[in-house]
Amino acid sequence: MISRYAGIAPARDLILLRKLGEKLQGKTLLHINSTRAGGGVAEILHRMLPILKEVGIETRWEVLEGDERFFDITKKLHNTLQGDAVTIDEDMWQYHFEVNRKNAERLDLEADAVLIHDPQPVPLIAFKKGGTWIWRCHIDLSAPCRDVCSRIATYCQKYDASVFSVAKFAQAMGTEEFIIPPSIDPLAEKNRELSDGELQEVRDRFGLDKNRPILLQVSRFDRFKDPVGVIKAYRAVKKYNDCILVLAGSPATDDPEGAIVLQEVRDYAADDPDIRILLLPPFSDMDINALQRLATIILQKSVREGFGLTVSEAMWKGKAVIGGATGGIPLQILHGVTGFLVHSVDGAAFRIRQLLNDPEMAAKIGTDAKEYVRQNFLITRHTRDYLSAWYCLENSGKDVIEL
Ligand code: UDP
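Given the structure is predicted, the values throughout are model-derived calculations rather than measurements.

Reading the values: the criteria
- Residues numbered from 1 in each chain as written.
- Predicted model: local features only at pLDDT ≥ 70, side-chain atom pairs only at ≥ 80, totals over all residues.
- Heavy atoms only, no water.
- Axes fitted to C-alpha atoms, helices over the stretch in contact; angles between N-to-C directions.
- Helix = DSSP H or I, 4+ residues; strand = E, 2+ residues; numbered from the N terminus.
- Left-handed = near helix turned anticlockwise from the far one by under 90°.
- Contact = heavy atoms within 4.5 Å.
- Buried < 20%, exposed > 50% of the residue type's maximum accessible area, 1.4 Å probe, protein only.
- Pairing = 2+ DSSP bridges.
- Right-handed = clockwise from strand over helix to strand, strands pointing away.
- Expected span 1.5 Å × (residues − 1).
- Arc of directions from axis to C-beta.
- Core = buried A, V, L, I, M, F, W, Y, C linked by side-chain atoms within 4.5 Å.
- Salt bridge = Lys/Arg side-chain N within 4 Å of Asp/Glu carboxyl O.
- Near = heavy atom within 4 Å.
- Polar contact = N/O pair within 3.5 Å; in protein donor to acceptor, adjacent residues only side chain to side chain.
- Areas by Shrake-Rupley, 256 points an atom, 1.4 Å probe, with all protein chains shown as cover.
- Nonpolar A, V, L, I, M, F, W, Y, C, P; charged D, E, K, R; others polar.

Asker: Help me out: how do you make sense of the packing of helix H3 (residues 68-81) against helix H4 (residues 90-106) in this one?
Answerer: For any two helices packed against each other, the geometry is given by the interaxial angle and the distance between the axes. Their axes nearest at 10 Å, the elements H3 and H4 cross at an angle of 120°. In this structure, H3 meets H4 at a crossing whose hand is left-handed. Side by side, H3 and H4 meet where Arg 69, Phe 70, Ile 73, Thr 74, Lys 76 and Leu 77 of the first sit next to Asp 91, Met 92, Trp 93, Tyr 95, His 96, Val 99 and Asn 100 of the second.

In C-alpha cells form, the structure reads like this:
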C-alpha cells in the first residue's frame, strides 16, 4: 500500500491522497498517451498507475496507435508548440484527426475521468462518451507558434479542464486550468538507493574511468535538449579540467527525429575518446540510476523543456544540476541553492568549472536539491494533485468541498 512511501514522501501528501481515494473509491480513470516507452509521460504513467489502483481508483492506460506519417506530424506539432516555425497544413491536421478517429473505434473510451496526455491524442475529445475529460499538456507552451496553438485550443475548449506543468504555459484555452508539476517516484528502479557493488558493475560495464570526474546528460536525442551545446560546454571546460562526458539516451517510439539528432551528435563528438554516447535500450532504469549516481555533475542544458524529469531524478541523487533556464527547469532549480540555471554554453562551462573546483559547494547544493525534490516533486504529491483536480471538477459549483 502507499504506506511504503511513509518516511520518504511528506506525510501531508499521503493523508490527502488516502482521503481523495476514499472519496473517489471505485470510480474509473483512463489515461491515454502516445507511447509506452521513452520520455517523461510514459515514465510517470508506469509509476502512477499502481498508486492510483492502490488508493481505490480503477485505472487503465491506453496508447494511441499511429504510423510513421502520424508521428512525423505530431512531432512537428510538438516542435511548433515549443516555438519552432514549421508549417502544419490542412492535410496534416486532417490526418491527425483521422488517426485519432480510427483509435476511437478501437479504444474503450468510457470512464468517469479521462486524462489525455499531450497533443497527439487531443482530437479524441470528439468521441467523448461521458465522464470528465482533462487535457494534460506536458510540453513547453511558453512561446508557441500562434496558429498551431489556436488550432489545438479548438479541441481543448471541448475539454472540462486542462492541466499544465508550469503557470506560464497556461494559454487561456477557454477551459478551467490547473497547474500541476510532474514528479519522480523515489521507489522506482530508476531512483532507489544502489549498493556500491551495483554501482561498480555499471561503471565497469560502461568502462568509466574511476579517477576522472564524469559530466552526464540523460535525455532523448532531441535538439531542444541541446546535446551539441553540452559537448561545446564540455570542450570549453576540458581546456582546464580533465573530465569525461557521458551522453545517455534512448529512442522513443513517438519521436522519429531521434536518429537524425543522434547522428548530428556523433558527428560533432567526432573521435574524442572521452565523449561517451550511450544508447540505452528502453527500461534501462538501473543503468540510468547508476550513471546519475556515478556522475560528478549532471547537466540538462535544454533550450525548451516541459518539465525535465531528469532534473529531479538527478537532484534526488544529491547531485548539483546545471539546467537550461527554460520551461519547468527553474521550478526545480533555485539558482545557486538547489543547482544552477544557465542561458548559454559559456554559462554552462563556467558553472561546470565552478562545481568541479569546489566539491564542498557541490555537495551542499546536492543535499538541498534532494530535500527540495522530496518536498515538491514526488509522485505522491503528483497523484494527490490529479485526484484533487478531478474531485474539484466533480464538485464544481459547490462552495465547500468536503474531504
Ligand atoms: N530516459 C530514459 N532513458 C534514456 C533517456 C531518458 O529512461 O535514455 C528517461 C529519463 O530518465 C526521464 C525521462 O526519460 O525519466 C525523460 O523525461 P523528461 O521529462 O526529462 O524529458 P522528455 O523526454 O519527456 O522530454
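Asker: Explanation requested: the pairing of strand S7 (residues 214-218) in the structure shown.
Answerer: Remark: a regular strand shows side chains that alternate across the two faces of the sheet. The element S7 is extensively covered by neighbouring structure, given that 5 of its 5 residues are classed as buried. Across the two faces of S7 the burial is the same, with Ile 214, Leu 216 and Val 218 and Leu 215 and Gln 217 all buried. Pairing analysis gives 5 bridges linking S7 to strand S8 (residues 244-249), with the strands arranged parallel. Its bridge partner lying in S8, Leu 215 is registered against Leu 245. Following the backbone out of S7, through helix H7 (residues 227-238) and into the adjacent parallel S8, one traces a crossover that is right-handed. Direction of pairing for S7 relative to strand S10 (residues 297-300): parallel, over a ladder of 2 bridges. Residue pairing in the sheet places Leu 216 in a bridge with Ile 298 of S10.

Asker: Even after reading the chapter, I still don't get helix H13 (residues 359-376), so can you show me in this structure?
Answerer: One turn of the α-helix equals 3.6 residues, which is why residues spaced by three or four share an orientation. An ideal rise of 1.5 Å per residue puts 26 Å on 18 residues; H13 measures up with 26 Å between its terminal C-alpha atoms. Inspection of H13 places Ala 362, Ile 365, Gly 366, Ala 369 and Val 373 among the buried residues, and these make up the whole buried set. All buried residues of H13 lie within an arc of 110° about the axis, which places them on one face of the element. Set apart from the buried face of H13 by more than 90 degrees, the exposed residues are Glu 360, Lys 364 and Thr 367. Against helix H10 (309-316), strand S12 (340-342) and helix H12 (345-357) lie the buried residues of H13.

Asker: Please explain the sheet that holds strand S11 (residues 321-324) as it appears in this structure.
Answerer: As a general point, the strands of a sheet are linked pairwise by backbone hydrogen bonds and lie either parallel or antiparallel. One open sheet accounts for 6 strands, arranged S9-S8-S7-S10-S11-S12; its pairing is parallel. In the strand order of this sheet, the two ends are held by strand S9 (275-279) and S12, each with one partner. Between one strand and the next, the sheet's axes are offset by a mean angle of 20°, whatever the strand orientation. Docked against the sheet, H12 engages S7, S10, S11 and S12, running at close to 155° with respect to S12.

Asker: Can you help me understand the nonpolar core in this one?
Answerer: Side chains of a nonpolar character, in soluble globular proteins, are inclined to be buried together. Of all hydrophobic cores here, the largest spans 63 residues; its most connected members are Ile 57, Leu 208, Leu 216, Leu 291 and Leu 387. Top contributing element to this core by residue count: helix H14 (residues 379-394), with 7 residues. The contacts of Leu 291, once residues within four sequence positions are left out, are Phe 206, Leu 208, Leu 216, Ala 248, Leu 278 and Leu 280. In this structure, Ile 32, Ile 73, Cys 149 and Val 166 belong to the second largest nonpolar core, which totals 38 residues.

Asker: Help me understand the pattern of salt bridges, please; the structure alone is not making it clear to me.
Answerer: Charged atoms that come close allow side chains of opposite charge to pair. Tallied over the full model, the rule gives 35 salt bridges. A salt bridge links Arg 60 to Asp 108; the shortest N-O distance between them is 3.8 Å. In this pair, Arg 60 is assigned in strand S2 (residues 58-63) and Asp 108 in the loop between H4 and strand S3 (113-117), connecting sequence segments 48 residues apart. Taking relative accessible area as the criterion, Arg 60 reaches 26% and is therefore assigned partly exposed. According to the relative accessible area criterion, Asp 108 is partly exposed, its value standing at 41%. Here Asp 160 makes a salt bridge to Lys 128, at a shortest N to O gap of 3.2 Å. One end of the pair, Asp 160, is in the loop between helix H5 (146-156) and strand S5 (161-164); the other, Lys 128, is in the loop between S3 and strand S4 (132-137), and 32 residues separate them in sequence. Relative accessible area serves as the criterion here: at 31%, Lys 128 is assigned to the partly exposed category. Ionic contacts of the salt-bridge type, sharing partners, join the residues Arg 12, Asp 13, Arg 381, Arg 384 and Asp 385 into one network.

Asker: Please explain the site of the ligand as it appears in this structure.
Answerer: Looking at the ligand, there are 16 residues lining it, with Gly 40, Arg 220, Lys 225, Ser 250 and Glu 313 nearest. At a separation of 2.9 Å, an oxygen atom of the ligand approaches a polar side-chain atom of Lys 190. Isolated, the ligand exposes 540 Å² of accessible area, and the fraction of that covered by the protein chains is 89%. Breaking the shell around the ligand down by element, the ones donating at least two residues are helix H2 (40-54) and H10. Ranked by residue count, the leading element in the shell around the ligand is H10, at 3 residues. Residue composition of the shell around the ligand, by class: 3 nonpolar, 7 polar and 6 charged.

Keep in mind that these numbers describe shape and distance, not what the molecule does.
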